[in-house]
Every structure is written in C-alpha cells, then in structure tokens.
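In case you want the letters, here they are:
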Amino acid sequence: MGGCFSKPKPVELKIEVVLPEKDRGKEELSAGGKGSPRAYQGKGAARHFHADERLPSPHPYPGTQDFVEAAVCHVKDLENGQMREVELGWGKALVLKDNGEFHALGHKCPHYGAPLVKGVLSRGRIRCPWHGACFSVSSGDLEDFPGLDSLHKFQVKIEKEKVYVRASKQALQLQRRTKVMATCISPSAGHSGSTNVLIVGAGAAGLVCAETLRQEGFSDRIVLCTLDRYLPYDRPKLSKSLDAQPEQLALRPKEFFRAHGIEVLTEAQVVTVDVRSKKAVFKDGFKLEYSKLLLAPGSSPRTLSCKGKDVENVLTIRTPEDANRVVRLARGRNAVVVGAGFLGMEVAAYLTEKAHSVSVVELEETPFRRSLGERVGRALMKVSPPGDPPCFENNRVKFYMQTEVSELRAQEGKLKEVVLKSSKVVRADVCVVGIGAVPATGFLRQSGISLDSRGFIPVNKMMQTNIPGVFAAGDAVTFPLAWRNSRKVNIPHWQMAHAQGRVAAQNMLAQEAEISTVPYLWTAMFGKSLRYAGYGEGFDDVIIQGDLDELKFVAFYTKGDEVISVASMNYDPIVSKVAEVLASGRTIRKREVETGDMSWLTGKGS
C-alpha cells in the first residue's frame, strides 16, 4: 500500500473492513487476507493454521459513508524524507514520502499521543520525537518501543499530480491499531495445573511477551502472574503523577485479556521454581507446570538502613497505593525525599504544589550526577513550573547535598524529623526513599537458574538463561548490549523491558530474534521533559550545545572519541535522531559534536 503511481489512472481500491465497536481494537485484514501457514509447537502436536482463520469474518462491503477520501497535497509538495500532517475532516493523517513513494498513516504516537510529524523519518520507519517508539512506514507496525499499539495505514493514490488519501473514519478517530491476535484454543485453560507459557511478572516485559506470542499466532495457554493487585499498568507514571488511580494507569482493559486468552493471576507470588520438573510453586502452595518460562520479576526498592528505619510514614514507591499514600500524607505538610535520581526528583517536583515544604537529601553534589553529569544536574535543580522563579532559588525545594540520613525520629510512632549526617535536623511528616532498587530474584536462589553476584539474571542476546526453555527480561536481567560491543549491562528502563519481552516471545517460538534496541528513557518535572538515548555508563566527557540556563540544550556523553549517549531538553527531535543514527550501526565521533555544527544530525532525511 501507499504506492506512488506515475501515470494518472484509476486505481483499484482495497476494500477495507470496518469492524463494529466491540471489535475495533483488532487490526484490519492484510492486503492479501492470507497469512503463510506457520507451525507452533504446543505441548502436543504442532498446530498449523492460516492467519485468516483467527480473524473476524469480513462484513459485507461497508458503505462509502464509513470512509473519507480527499486530495491532500500536490506530488511536488513533498521531497523524499519529508512528512506533513493533513486534515481529512474526521481526523488527521500523516503523509510522507520515502524512497519516492507516498505513504499515509496515523499522525499520533499511540504511546502518549506525540505528533509524529515532529519525529524522525529514516530507514523506512518513523521514530517518535518524545519517547523513541518506531513505526514501519510501509505497514504502520510498531517496530520499537515504548507502547503497545501500531498505527493505522491508509490508502494513497496519485491522480493528476495530486496525492489522495482514503481512510476509515473510525481509524482516523482512534489513532491506534491493536495487532490481530490469536485466541487461546487450549481446552485446559483456567482449570488445570499446567500451562504452556508461564510469565512471572506483569510489567512491560511480561505483558509484551504475552501479546507478542498471541500476535505471532500462538494459541496455547499463557498465564501471567504478578505480585500486584492490578492488571498491568504504566509504572513510569507513578512517580510523575502520584495522584493517578489504578484504572487511569491500566495498559489494557480487563476485556482485552479475556478476549485474547491471557490469564492474569494477581497477588500471586512465586516462591520457588523447579527447573527439572518444570514447576513453579506459589506462596499459597499452588503448583503450576510450564513448558516455557519467562522470568520478569522486576526489582524491589532499596530501603534505608539507619536508626529509626521502621518509623511510620517512611515510604518507597512501587505501587499506585504507595504513590497515592505519599500525596495524602504530604498535602500541606513537610515532605523529605531521599535520593536525587529520576524517581526522587520527579516526586519532589510533583510534591511542590501539594506539600508545605519539600527537601531533597542526596549523597552526590548534584542531582542525576552519575547518569547526566554535574553540569546538567545543576541545571535541572533550577527547573520550575511555568512562570515561576526557579524552584531551587526561591526555596520551593531545599536541597541537602553531599550528605545522608543518619536517623529518622518519630513522635507517637509517626515520622517527625529526619536527622542528617551533617547533623542538620529537617522537619518531616513523610519521607520518600528513592535510592535505587535491587533485582527481585531471591526466589530463584536455589533454582539452578544462574544469578550474578548482585542478584541479576544473566541472559544472552535471545534473552535465554542458562536453563533451556527459561527466558528472562526487564529490570532484573543483564544482557549483551549490541552496539556497545555486546558488553553485559543492566538497563532498568521501561522501553528496554518492552523490547526484551518481545525478543523472549519470539525465541519461545524459535524465531531466533536478538535484542538490538538502543536504550531510550525520559523524565518529566513541572511538565518539562528530558529525553535520553544510549548507554552512558563510564562517560569521561560531556559536550553541551545550546543553553543550559534556558534549559534548551543537548548534551553528548563521550568515552574516548565516541559518543555513547545523548540527553536533551527543548531540542526535539535530536535524541530520536541520535537514537536512529546509533541504531543504524554508525559510530558518532566526539569531533562531530564538538564543532556545534549539527547539520549532519538535524536534517530530517536519513
């Protein structure tokens, strides 16, 4: 689809199927309507089926009123590598020209709604300017994360030098497309003590693994278990918007899991895994046999070990309840945040509008020092709500740097004061601890599944552990980072967990996929976002272009003569552009970014 026809001639239109409201999450039929038969090895014999066997039966030809068609531009309006948002009455579409062909797709990133026209078009895909998700221009399919859904692809035809786009009104309004998925046809589902796939942990890695299996036609039983009380939710939002309710954070509605036969066991804790008999044992004694296992248990927040550590109202943030409780306790009171990393700074920024006072305690000289360096960390201490003087300077947030907590003092069992090593005493009604996390892998210690000295699960590029049929993904793993010479790293970020969950699922189906994604993360304070791509561990220099004081800058982190990561504020889409360059396998040299001439990077083309 999306072809460019040189001679004006009538073009045969593909018949698009408009699904009723209840099926609208499902994908439209692919052009041919047939998929190649694939075999999947379940517990018994391999099953063969065509993709169209699991699609809803096509409706009769829908009325033309369900579609809108319009001339959106002249063929000469777009050069190769250019994109444009066009209005079709029922919504907008993104029209672009890539390799001489015109394509039309949804214009918003399904993750958080970013305008893709401001993103990066390169190597046959569009990368979102905000968080780095990638979509194929030829199909609209999601190719890199974060997010779960793809873009709608619309028909394009060229007549009399004009570019026409035809789109379903519903697709224009939805702006997201959930891929077609198999359903579970395993008769034992829901009743027996055995499952084909068991996924421990329902964060991004676990959910994407389950969805990928279904997208790839896997129709056996999948059980996803979580310690949480809720279905999978958007965890990065917890520290950015502490008031958010579980239902606002849900990544998929309950009906989704039912429709696709993904069983979710909530408040379910696996206490041991027996790899010889392929059994997981739960805390309540329930045993579940599996043939393939994904371990994605995530991490547990570190806690303080000082005197008074068990005083009431000293909290870590792991669940929506934790986040909501922090806001409740801090409203109009004194809040102390220990740790000036991503979580700590996001929480401090959020609480400035709610609490009477906010204090941040940090061992380093500046926030984010280890990840972003001293100069960027110092600049971020000055972020403030729009129109306000900088928070740091007007004492909205008080920073206590190069010190740590020596004691937590209580009055009637509840926190009253935080005593620092510098002997300063800070009034506190609530204390939020954000000093990092440890992998939640204690239950695997006797299992025979390898753990490293810090408790992480080492995996290869295919997310396989040392035990055949056992995969691991997410915050609890170390894996080889392809574009940093396969160095074994742990990257506890949302986007990376998605990518690893997908690769694990593909390899459960013997597709021999390898993890190759470029890490991408973001943080937001007072509505201002910082974006980051790459892996900057061990950087020895930071080259800054732009204006740090104005918070309009790009920082390149280098090691030797190579750029290993980049961070920016108010400089989109530069981080997505750098991520695309790194993903293409090209090395960016220090001298290229020292000159200040970034024309090689900021051009829209590849």
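Look above for the structure.
Residues numbered from 1 in each chain as written. Predicted model: local features only at pLDDT ≥ 70, side-chain atom pairs only at ≥ 80, totals over all residues. Heavy atoms only, no water.

Student: Please explain the overall build of the chain as it appears in this structure.
Tutor: Summing up its helical and strand segments, the chain has 13 helices and 37 strands in all. Counting only residues that meet the buried cut, the chain has 54% of its 606 residues in that class. Of all intrachain contacts in the chain linking residues separated by at least 6 positions in sequence, the fraction that spans at least 24 positions is 62%. Total accessible area on the chain is roughly 26200 Å²; 47% of this is exposed by carbon and sulfur atoms. (Helix = DSSP H or I, 4+ residues; strand = E, 2+ residues; numbered from the N terminus. Buried < 20%, exposed > 50% of the residue type's maximum accessible area, 1.4 Å probe, protein only. Contact = heavy atoms within 4.5 Å. Areas by Shrake-Rupley, 256 points an atom, 1.4 Å probe, with all protein chains shown as cover.)

Student: Which parts of the structure should I look at to understand helix α11 (residues 574-583)?
Tutor: Helical periodicity: at 3.6 residues per turn, an α-helix aligns residues three or four positions apart in one direction. Burial of α11 is extensive: nine of the 10 residues sit out of reach of the surface. All buried positions along α11 are accounted for by I574, V575, S576, K577, V578, A579, E580, V581 and L582. Directly after α11, the chain includes G585, whose backbone phi takes a positive value near 95°.

Student: I would appreciate a short explanation of the packing of aromatic side chains in the present structure.
Tutor: To describe a pair of aromatic rings, you give the distance between the ring centres and the angle between the ring planes. Evaluation of the coordinates by the stated rule reveals seven aromatic pairs. A centroid spacing of 5.6 Å and a plane angle of 85° characterise the contact between F256 and F257, whose relative ring orientation is edge-to-face. In this structure F257 comes out as buried when scored by relative accessible area, which is 4%. When the centroid spacing of 5.0 Å and the interplanar angle of 70° are considered together, the rings of F539 and Y557 count as edge-to-face. Taken as a pair, F539 in the loop between β34 (528-534) and β35 (541-547) and Y557 in strand β36 (residues 552-559) lie far apart in primary sequence, 18 residues in all. Clustering of aromatic rings is evident, with ring pairs tying together Y532, F539 and Y557. Positioned above the aromatic ring of Y571, the side-chain terminus of K552 is 5.0 Å from the ring centre. (Phe/Tyr/Trp six-rings, centres within 6.5 Å; stacked < 30°, edge-to-face > 60°. Lys NZ or Arg CZ within 6 Å of the ring centre and 35° of its normal.)

Student: Before we go on, may I ask you to explain the pairing of strand β17 (residues 279-282) in this structure?
Tutor: If a strand is regular, its side chains alternate between the two faces of the sheet. One ladder, built from four bridges, connects strand β16 (residues 270-274) with β17; its direction is antiparallel. Paired with T272 across the strands is V281, a residue of β17. If you look at the hairpin formed by β16 and β17, you'll find four residues sitting between the two strands, and K278 has a positive phi there, around 55°. Between β17 and strand β18 (residues 287-295), which pair antiparallel in sequence order, lie four residues; one of them, G285, sits at a positive phi of approximately 95°. (Pairing = 2+ DSSP bridges.)

Student: Can you help me understand the side chain of R177 in this one?
Tutor: Along the chain, R177 falls in the loop between α1 (169-174) and β13 (194-200). Polar contacts involving the side chain of R177 include one to the main-chain carbonyl oxygen of L151, which spans 2.8 Å. (Polar contact = N/O pair within 3.5 Å; in protein donor to acceptor, adjacent residues only side chain to side chain.)

Student: Looking at this structure, I do not really get the sheet that holds strand β33 (residues 520-525). What am I missing?
Tutor: Reading across the sheet, the five strands line up as β33-β34-β37-β36-β35 and stay open at both edges, with antiparallel pairing between neighbours. Two strands bound the open sheet, and with one partner strand each, they are β33 and β35. Between one strand and the next, the sheet's axes are offset by a mean angle of 15°, whatever the strand orientation. Two strands pair when backbone bridges link them, and β36 and strand β37 (residues 562-569) are joined in this way by seven bridges, in the antiparallel orientation. When the bridges of β37 are listed, V554 appears paired with S568. Against the sheet, α11 touches β33, β34, β36 and β37, its axis set at about 160° to β37. (Axes fitted to C-alpha atoms, helices over the stretch in contact; angles between N-to-C directions.)

Student: Teacher, can you tell me more about the sheet that holds strand β10 (residues 142-144) here?
Tutor: Two strands in a sheet stick together by hydrogen bonds in their backbones, pointing the same way (parallel) or opposite ways (antiparallel). Spatially, β7-β8-β9-β10 is the arrangement adopted by the four strands of the open sheet, whose pairing is antiparallel. Looking at the sheet topology across the chains shown, the edges are occupied by β7 (120-122) and β10. Neighbouring strand axes in the sheet, compared pairwise and without regard to direction, differ in orientation by 30° on average. Relative to strand β8 (residues 125-127), α11 is tilted by about 135°, and along the sheet it contacts β7, β8 and β9 (134-136).

Student: I'm lost on the environment of K309 in this one. Help?
Tutor: With respect to the helices and strands, K309 occurs in the loop between β19 (299-301) and β20 (314-315). Residue classification places K309 among the partly exposed positions, given a relative accessible area of 42%. Taking the C-alpha atoms as reference points, K309 and L408, 99 residues apart in sequence, are found 6.3 Å from one another. If we ignore the near neighbours within four places in the chain, the residues touching K309 are L304 and L408.

Student: Which parts of the structure should I look at to understand the nonpolar core?
Tutor: As a rule of thumb, soluble globular proteins bury nonpolar side chains together. Judged by nonpolar contacts, the single largest core of 99 residues is most densely connected at L295, F479 and F556. Among the elements that take part in this core, helix α10 (residues 494-508) stands out by supplying eight residues, more than any other. Setting aside residues up to four positions removed in sequence, F556 forms contacts with D541, V542, I543, Q545, V563, S565, V566, V578, V593, M598 and L601. (Core = buried A, V, L, I, M, F, W, Y, C linked by side-chain atoms within 4.5 Å.)

Student: How do you make sense of the packing of helix α2 (residues 204-215) against α10 when you look at a structure like this?
Tutor: Each packed pair of helices is defined by two parameters, the angle between the axes and the distance between the axes. Viewed as axis vectors pointing N to C, α2 and α10 meet at an angle of 40°, and their least axial separation amounts to 7 Å. If you check the angle between α2 and α10, you find them oblique. Crossing angle aside, the handedness with which α2 passes α10 is right-handed. Along its contact with α2, which presents A204, A205, V208, C209, T212, L213 and Q215, the element α10 presents W494, A497, H498, G501, R502, A505, Q506 and M508. Of the residues contributing to the contact of α2 with α10, the split by class is nine nonpolar, five polar and one charged. (Parallel < 35°, antiparallel > 145°, perpendicular 65-115°, else oblique. Left-handed = near helix turned anticlockwise from the far one by under 90°. Nonpolar A, V, L, I, M, F, W, Y, C, P; charged D, E, K, R; others polar.)

Student: Quick question: what am I supposed to make of helix α7 (residues 342-351) here?
Tutor: In terms of burial, α7 is a largely internal element, eight of the 10 residues being buried. When α7 is considered as a whole, its buried residues turn out to be G344, M345, E346, V347, A348, A349, Y350 and L351.

Student: Would you mind going over unusual backbone geometry with me for this structure?
Tutor: Backbone geometry follows two general trends: most residues other than glycine have a negative phi, and most peptide bonds adopt the trans configuration. P146 follows F145 through a cis peptide bond whose omega is 15°. A positive phi angle is found at E512, which is not glycine, with a value near 55°. Classification of E512 as exposed rests on a relative accessible area of 65%.

Interpretation note: all reported values are geometric properties and have no functional meaning in isolation.
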